[in-house]
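Below are the chains, spelled out letter by letter.
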Amino acid sequence: MLGIRMPLWTALGCAGWLACLSLPTSPLAAADHPGLAIYREHCSRCHGDAGAGTPDVPEPLVGDRSVNQLAAYIHETMPEDDPSKVTGDAARQVAEYIHGGFYSAVARDRNRPARVELSRLTVRQYQNTAADLIASFRNRGPGIDDRRGLRAEYFHTRDFNRQTGLVFEQIDPQVDFSFGLEGPDPERFQPNRFAIRWTGSIVPPETGIYEFVIRTEHSAKLAVNTAWYEPPLIDAYVKSGNDTEYKANILLLGGRSYPLRLEFSKANQGVDKKNEHSTQASIQLLWRPPHGVLETVPERCLIPHDSAEVFVVKTPFPPDDKSIGYERGTSVSPEWFAAATAASVEIADYVINHIEHLAHTKRDSPDRADKLKQFATTFATRAFRRPLTDHVRTLVVDRAFADAPDLDAALKRSMLLVLGSPRFLFHTEAAAPPTTGTEAAASGKPDSFATAARLSFGLWDSIPDQPLWDAAAKNQLVTAEQVRRQAERMVNDRRTRSKLRDFLFAWLRVDHGPEIVKDKTRYSEFSPEIAADMRASLELFVDDVAWGAGGSDFRRLFTDDEVYLNGRLAPLYGAKLRPDAAFRRVRLDDGRRAGVLSHPYMASVLSYAAATSPIHRGVFLARSVMGNVLKPPQEAVTPLAPDLHPDLSTRERVALQTSSVACQTCHTMINPLGFALEEFDPIGRYRTAEIRGDMQKPIDASGSYLPREGPQATFRGARELSATIATSRDAQEAFVQQLFHALVKQPMRAWGPDTLETLRKQFAANNCDIRRLLVDIMTVAALPPPTAPPQPVPAPQNPAEQASVPEKTP
Amino acid sequence: MITVSRRELLRRFGVGSAVLPFLGNLPSLAATGSTAPKKRLVIVFSPDGVVKKNFWPTEPGPFTTLPQIVQPIELPPILRPLEPFREQLLMLKGVHDKVQGDGDRHMRGMGCLLTGIELFPGNIQGGGETPAGWSSGLSIDQEIKNFLQSRPETATRMGSLEFGVLVPNRADTWTRMIYTGPNKPVTPIDDPYQMFHKLYGQMKDRESMRSVLDELHEDLATVSSALPAEDRRILEEHAALVRGFEKEMASHHAEVAHAVPVLEQGIVEQNDQMPKISRMQIELVVASLAADFTRVASLQYTNSVGQPHMKWIGVEEGQHDLSHEPNSNEAAQEKLTKINTWYAGEVAHLAKRLAETPEPGGDGSLLDHTTILWTNELGEGNSHSLDDIPWLMVGKGLGFTMGRALDFKGVPHNRFHLAIAHAMGHTGLVRFGNPDYCGDGPLTGLV
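Cut-off values and rules
- Residues numbered from 1 in each chain as written.
- Chains lettered and ligands numbered in written order.
- Predicted model: local features only at pLDDT ≥ 70, side-chain atom pairs only at ≥ 80, totals over all residues.
- Helix = DSSP H or I, 4+ residues; strand = E, 2+ residues; numbered from the N terminus.
- Rg over C-alpha atoms; globule rule 2.2 N^0.38 Å.
- Buried ≥ 20, exposed ≤ 12 C-beta atoms within 10 Å, placed from the backbone.
- Contact = placed C-beta atoms within 7 Å.
- Core = buried A, V, L, I, M, F, W, Y, C linked by C-beta atoms within 7 Å.
- Domains from an automatic or database assignment.
- Axes fitted to C-alpha atoms, helices over the stretch in contact; angles between N-to-C directions.
- Parallel < 35°, antiparallel > 145°, perpendicular 65-115°, else oblique.
- Left-handed = near helix turned anticlockwise from the far one by under 90°.
- Nonpolar A, V, L, I, M, F, W, Y, C, P; charged D, E, K, R; others polar.
- Pairing = 2+ DSSP bridges.
- pLDDT = per-residue confidence, 0-100.

Points about the overall build of chain A
Then, number 1: Within chain A one finds 29 helices and 21 strands.
Then, number 2: The C-alpha atoms of chain A give a radius of gyration of 31 Å, which matches the 28 Å a tight globule of 810 residues would have.
Then, number 3: Seen along its three principal axes, the alpha-carbon backbone of chain A occupies a region of about 110 × 85 × 45 Å.
Then, number 4: The 810 residues of chain A split such that 46% are buried.
Then, number 5: Put simply, of all contacts in chain A between residues at least 6 apart along the chain, 71% involve residues at least 24 apart.

Here we look at the overall build of chain B
Then, number 1: A tally of regular secondary structure across chain B gives ten helices and twelve strands.
Then, number 2: Per-residue burial over chain B gives 51% buried out of 447 residues.
Then, number 3: Restricting to contacts in chain B with at least 6 residues of sequence separation, those with at least 24 account for 69%.

Remarks on the environment of A506 of chain A
Then, number 1: The residue A506 of chain A is located in helix 19 (residues 494–507) in this model.
Then, number 2: In this structure A506 of chain A touches D511 and A742 of chain A, once residues within four positions along its chain are discounted.

Thoughts on the nonpolar core
All names here are of chain B.
Then, number 1: By size, the foremost hydrophobic cluster in this structure holds 108 residues, and its most contacted members are L89, V285, V347 and I372.
Then, number 2: Broken down by element, this core gets its largest block of residues, eleven residues, from helix 9 (residues 330–356).
Then, number 3: Residue contributions to this core reach at least three from each of two domains, namely domain 1 (37–191 + 269–437) and domain 2 (194–268).
Then, number 4: The residues touching V347, leaving out its near neighbours within four places in the chain, are V44, L82, I372, W374 and V394.

So, the packing of helix 19 of chain A against helix 20 (residues 528–547) of chain A
Residues and elements named next belong to chain A.
Then, number 1: At a minimum axis separation of 10 Å, helix 19 and helix 20 run at an interaxial angle of 125 degrees. With respect to helix 20, the element helix 19 is oriented oblique. Crossing angle aside, the handedness with which helix 19 passes helix 20 is right-handed. Across the interface between the two elements, R497, L500, R501 and L504 from helix 19 touch V542, D543, A546 and W547 from helix 20.
Then, number 2: Across the contact of helix 19 with helix 20, the residue classes tally to five nonpolar, no polar and three charged.

Section: the interface of chain B and chain A
Then, number 1: Listed as interface residues are 45 residues of chain B and, on the opposing side, 47 residues of chain A.
Then, number 2: Those elements that place two or more of their residues in the side of chain B that touches chain A are strand 4 (119–125), strand 5 (132–135), helix 5 (192–225) and helix 6 (229–251) of chain B.
Then, number 3: Looking at which element gives the most residues to the side of chain B that touches chain A, the answer is helix 5 of chain B, with twelve residues.
Then, number 4: By residue class, the composition of the side of chain B that touches chain A is 22 nonpolar, 15 polar and eight charged.
Then, number 5: Sheet topology note: the strand 11 (residues 269–270) of chain A/strand 4 of chain B ladder contains two bridges and is parallel. Pairing of Q269 of chain A across the sheet is with I124 of chain B, part of strand 4 of chain B.

Considering the domain arrangement of chain A
All names here are of chain A.
Then, number 1: Segmentation of chain A into domains returns domain 1 (33–111), domain 2 (150–303), domain 3 (328–428) and domain 4 (508–726).
Then, number 2: A C-alpha centroid distance of 40 Å is found between domain 2 and domain 4.
Then, number 3: Between domain 2 and domain 4, the contact holds seven residues from the first and seven residues from the second.
Then, number 4: Class assignment of the residues belonging to the side of domain 2 that touches domain 4 gives a composition of three nonpolar, two polar and two charged.

Focus: the environment of F163 of chain B
Residues and elements named next belong to chain B.
Then, number 1: With respect to the helices and strands, the residue F163 is situated in strand 6 (residues 159–165).
Then, number 2: Its 26 C-beta neighbours within 10 Å are what place F163 among the buried residues.
Then, number 3: Expressed as a C-alpha distance, the spacing of F163 and P77, which sit 86 residues apart in the sequence, is 27 Å.
Then, number 4: Sequence-distant contacts of F163, that is, excluding residues within four places in its chain, are made with P188, I189, M195, Q281, L284, V285, A297, S298 and L299.

Regarding the domain arrangement of chain B
For interface size, the figure often reported is the accessible area lost on association.
Residues and elements named next belong to chain B.
Then, number 1: One can read the domain layout of chain B as domain 1 (37–191 + 269–437) and domain 2 (194–268).
Then, number 2: Just the C-alpha atoms count here: the centres of domain 1 and domain 2 sit 42 Å apart.
Then, number 3: Contacts between the two partners involve 16 residues from domain 1 and, on the opposite side, twelve residues from domain 2.
Then, number 4: Looking at the side of domain 1 that touches domain 2, the element that brings in the most residues is helix 7 (residues 274–290), giving eight residues.

Brief notes about the confidence of the model for chain A
Residues and elements named next belong to chain A.
Then, number 1: Chain-level statistics for chain A give a pLDDT mean of 88 and a share of 90% at 70 or above.
Then, number 2: Contacts for the low-pLDDT stretch residues 1–29, under 50 throughout, to residues beyond four places or in other chains number 77 contacts.
Then, number 3: Here residues 788–810 scores under 50 on pLDDT; set against residues more than four positions off or in separate chains, the count is 40 contacts.

Overview of unusual backbone geometry
Then, number 1: At the junction of M78 of chain A and P79 of chain A, the peptide bond is cis and its omega measures out at -15 degrees in the coordinates.
Then, number 2: By the secondary structure assignment, P79 of chain A is in the loop between helix 3 (67–77) and helix 4 (88–103).
Then, number 3: Of note, the phi angle at D48 of chain B is positive, near 70 degrees, even though the residue is not glycine.
Then, number 4: Turning to its location among the elements, D48 of chain B is positioned in the loop between strand 1 (40–45) and helix 2 (52–55).

With respect to the sheet that holds strand 4 of chain B
Then, number 1: As summarised here, the arrangement of the three strands in space is 11(A)-4(B)-5(B), forming an open sheet in which the pairing is mixed. Only two strands of the sheet have a single partner each, and these edge strands are strand 11 of chain A together with strand 5 of chain B.

Thoughts on the sheet that holds strand 2 (residues 61–62) of chain B
Residue and element names in this part refer to chain B.
Then, number 1: One open sheet holds the eight strands; their spatial order is 2-12-3-11-10-1-9-6, and the pairing between them is mixed. Because the sheet does not close on itself, it has two edges, and the strands there are strand 2 and strand 6.
Then, number 2: Relative to strand 9 (residues 294–301), strand 1 is paired through five bridges, and the arrangement is parallel. Across the sheet, V42 pairs through a bridge with A297, a residue of strand 9.
Then, number 3: Across the sheet, helix 9 is in contact with strand 1, strand 9, strand 10 (370–375) and strand 11 (391–394); its angle to strand 10 comes to roughly 175 degrees.

Here we look at the packing of helix 16 (residues 448–460) of chain A against helix 18 (residues 480–491) of chain A
All names here are of chain A.
Then, number 1: Closest axis-to-axis distance for the helix 16/helix 18 pair is 11 Å, and the angle between their directions is 30 degrees. By the angle class used here, helix 16 and helix 18 are roughly parallel. Crossing of helix 16 against helix 18: the hand is right-handed. Every residue of helix 18 that contacts helix 16 at T451, L455 and L459 is listed here: V483, Q486, A487, M490 and V491.

As for the confidence of the model for chain B
Then, number 1: Here chain B averages 89 in pLDDT, and 89% of its residues register 70 or above.
Then, number 2: Under a pLDDT of 50 for its full length, residues 1–33 of chain B has, in the predicted model, 55 contacts with residues more than four places off or in other chains.

Okay, here's the thing in structure tokens:
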């Protein structure tokens, strides 16, 4: 593989190194530390368990000495009655234990009870909240629709008048037509004078910049996410010179549907002289999605019904902190603040430019002032996720309207106040106690508005919808059962699907869209288009598992033996499909496939250009799937080049390189997991032998895994490995924990030490149903942690801080 | 072309990241200490040709009373509103749009007027001739803009500004005269409020943000006081960012040295509001030049084949319909004369506003450093002639000798474009548009 680009070590956080298991990784691991026995024998008599102190020595054993300093100190002075009892290595071991267990600042911080920390909206939450805030003043778009494609109207005229020109209409799966010189139908259309309009919605698979491309020799306009009266995204009404390709970029959020309209006209435009010549005609609608290649916009992303336009905030934000495995907003930075401020102006401008429509008023109508003020109040209420107290309303609405020079300025001030307020930017509901004076505060029960917000941010990364709001207003989000009912309703929403999809891709460590490079000689069929199709195939598969008819069974992610293939992928994997066939499920290799484990995309991503990488595959399995903590090795190691060991199989080469004792602490776990997938080559084709140059060796896919509890499991090949994972408690635990953190963005331990095991047991008892797990997690996490939060400092007594809960919420 | 990137701009001004989204309305980027007088060009377009007998003087000659030996020629009827600027007028007859190729004459008149090069073949069918697409080259104002922006001493925040008055909401060969390159038409901004936002929006945003800072601080304090102590840390950091933002904005307070124009609110884009919209746009043109946001601007009234109904001067019919009437239709000629006199009045108003505005940091008025170039896509409406394209200049920005009418008797207009470019300092430009029409180089005899 030398001389060829090495893919994606960074994906696994290992930055070009081989991975290594870390010791110890948590206070629990300290239980295995050899220093513990020494501590118990010689130290705990005075210092107590975990250095908590005793009546004799009440001070807790904490400080800022380093391990070396502590060891020297113990060697010289401890135990006080006979310092000779703990010296040298023993002193060092006990120092290590004390330091890592409870003595050092780091250890103390780690041992602090986990709590729900005040955090700001993540970028994704900001974008979704902005979109839904605006959308809440518009008619709701349609729900989830299983139909695909676009509505197509065919006209025998050059314009789009249904009365005078419509010939027929139908659903077209995608827009990719070559009409040649004849046109759509010689019987019903003149060859050089016809027009087609495609309308419907587009559902982008993920958030990002989409490049749209139209290819045509004639007149065309494409509108995406705009009202009919606004300028289109692409205006190619004028055909000029040799231009036949038109491009434009647009930012779209995943998990939403956007209105789309494409108009195509083959005829001269302008003055109507009916003097067209015979010419070729074609029209193609393509896009380049984030992480994708230029392709015809696929049928699966098109819906033949309309949607309301979506407000997408364009201000770029710096990425969120993802250092502990999930995006969270527990820090602020000048860059984030600048972005949030610019975004507040962007949102305010959008509102003002669309206020007639959003507030149902006209510029010169007499009740405009009332309507705008009402709008501002409702906007603030929804943005703050709770009814406004008189104090807050005065602050963010009344004063803005009282002082401003004109109504537009008043509205803008109010918007900027609302969008700049910590009540909007921060999850204050998660941290603050119920507002003083509310029923919730008086009853000591959970605050329903806070619960509503936690539910909606958990499942949608956005604000509550009307039913959720109504339930909160009636204080009907108090019991676990009430919360569960809402969560069950809310799971069936495109935003939940989007959030789960993004989580699953993060869980599979492919959320960043890794670039795949393959050896051109060995894998001449491989191309960027193939790579994009592989990713689409994985998307379809995980969506099918999560939301398809199969019961949302987590285990199917490993055990399913079918693969989504289209006409382009099929020949690579020995399937027979028409070259233009859309994606469909195909059973491959006589049932030897094992879900994501052998999926072509995963197998390719977790390989080098010309060889598999059992280490990448093993790290992925050990860390992501089984939930073990691995640290990068302390020294960078360059993988052995296959050419230097021409007689070794990949397995043998990896075993050779990782044979040292230092490596083995981690690679005893990594390698036997990765070896089990050796049946799948660097682009995920099944193989029984590895052939390279003169070397030909049968595949040895035997492997093993030692779980955190229980006996070692052994297996041969992906199918047996998948059976192990499907029943693995480690895998369930890892999945539950990672999903919890992705949804809630707070440490799970804050809800109590048993939360993980309780949820895991429920998950196992429910046939590993992912959708039910979403509900179970949110039923726990939407309610405040059972342990009493630290008492807040009493708020200044502000008589205005009396909540006025309206009967009917806006 | 060399442009100054936004990043570079920020570096030059040493601005921190928190105000980044609010930075705008910078004064001229021109290096301080540069003493060369500024030169500015404003192109004004009105459509459908002129009434030749009422537009052109009967013969070329001086408009000016100096020197007194020669009798000054009388200003033609259409130009009467420009009487106060008689000594600052320069009129060019006999400068033809000779570009051939696809497209009818309205289309070529519009698309080749400032580009001097053919339209691409395309799908837009005119009233005659073959269908065509966009122009195959950039327009002279953009050529000059690119030149000015490439030099630190003449670079401005906007480079160029494209104003419009009632330009129809459709992009085709008849509605676009400015091009940044082949097939790259520029949409003029015909909504004064939109232009105002482009010019002053960020400044207004800063004002808005400043106006809410007290409430933001109060809100932060209230929320913070109700939180557990552990959670106050992040809000305190947030509050510190708000305070830092406040300081940074205060230090950039006095950026706009001139008075920001105040626009009448609630004017909608419709035919009858044309006079008001015109005056609003003129105010914004003058303000942009005074602030040195740009040194190149254009102001496009309607479009080629434009059809305003100038009821406010007693003309009910559409201009384009009238322009097709034969010269023998005296009533139509009279109305077209009134229409063109109205346009001349707007040009005169622009000149007046420039003359009233002192040149910032220099001598005289803005008009002494600006040339207005009023033109049209046709020489005459009913004949659709591209000969004798109206070219009327007002103001001394280009350094030409003013106060006269000249007749070049049929030179291609490309040569005039070259002369403008040279007068603006872009002396390295040897060809513009179709080189076949640049034969003898820049038009001479103007200085």
